[in-house]
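# What the coordinates show
One-letter residues, chain by chain:
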Amino acid sequence: LLHAVKNTRVVGLPMRVNKTFVKQVTLLTGTTVGAGIFTLPYAFSLVGPLLGLILFALALGFIIFINLSYSWVIVKTEGKHELAGYAAFYLGKLGKFLSAILLLTLGWGALLVYASLSGSFLSQLFSYPYLSFIFGLYYFVILAALVLLGIKVVERIDLFLVPLSVTLIFLFFL
């Protein structure tokens, strides 16, 4: 997103849309939407459509605020850094340590959520309701291996899966 943010006008519209921009937007979309897309129907069924939409709008506004704030930090800070580097720059060693711990915890937590949801989904899909843990474990191992292969591998997969998922969701709900 760093490259995309630095190549934008003040109004926020891209000066030119290139392959890097598309990859970064796809990765950010996949990260933002994440497993939450699977939990929205359940959450809406608990609170009702009106309150669900209100809470969804509040969460969306919060996510947009966080991403725009981080983008502002990226644009205003000299040099290229990752989140831990920005935390070290502005908050010192403790900020760097806490952001690194937070990223590791959130990363592994996301893998666990995906493993749990996919295990449940795959066990229902293949009519083996008692094997959801095994399916989830397989899924976790595959996702962990992809993460260990690096961000470029995840980026390539996201570049394919995110547009496909968004298209399927729109086709399913329209």
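Predicted model, so just to flag it, every value in this text is computed and none were measured.

### A short note on the nonpolar core
Side chains of nonpolar character tend, in soluble globular proteins, to be buried together. Counting residues in hydrophobic clusters, the biggest one holds 5 residues: Leu111, Ala115, Phe140, Leu143 and Ala144. Those elements that place two or more of their residues in this core are helix 5 (83-125) and helix 6 (132-149). Among the elements that take part in this core, helix 6 stands out by supplying 3 residues, more than any other. Beyond its immediate stretch of four places on either side in the chain, Ala115 contacts Gly136, Tyr139 and Phe140.

### Notes on unusual backbone geometry
Despite not being glycine, Ser127 shows a phi value in the positive range, around 60°. Residue placement: Ser127 occurs in the loop between helix 5 and helix 6. You can call Ser127 exposed: its relative accessible area is 57%.

### Regarding the confidence of the model for the protein
Per-residue pLDDT for the protein has a mean of 81; in total, 88% of the residues score no lower than 70. Scored below 50 in pLDDT, residues 1-5 shows 14 contacts in the model against residues more than four places distant or in partner chains. Within the model, the stretch residues 7-11 combines pLDDT values under 50 with 7 contacts to residues more than four positions away or in other chains.

### With respect to helix 6
Every α-helical turn comprises 3.6 residues, leaving residues that sit three or four positions apart pointing alike. Taking 1.5 Å per residue, 18 residues should reach 26 Å; helix 6 reaches 26 Å between its end C-alpha atoms and fits that length. Among all positions in helix 6, only Phe135, Gly136, Phe140, Leu143 and Ala144 are buried. Along the axis of helix 6, the buried residues cluster in a sector spanning 165°; they form a single face. Exposed residues on helix 6 whose side chains face more than 90 degrees from its buried face are Tyr138, Ile142, Leu148 and Leu149. Buried positions along helix 6 lie against helix 5. Among the residues trailing helix 6, Gly150 stands out with phi positive, at a value near 120°.

Quick notes on the rules
Residues numbered from 1 in each chain as written. Predicted model: local features only at pLDDT ≥ 70, side-chain atom pairs only at ≥ 80, totals over all residues. Heavy atoms only, no water. Core = buried A, V, L, I, M, F, W, Y, C linked by side-chain atoms within 4.5 Å. Buried < 20%, exposed > 50% of the residue type's maximum accessible area, 1.4 Å probe, protein only. Helix = DSSP H or I, 4+ residues; strand = E, 2+ residues; numbered from the N terminus. Contact = heavy atoms within 4.5 Å. pLDDT = per-residue confidence, 0-100. Expected span 1.5 Å × (residues − 1). Arc of directions from axis to C-beta.

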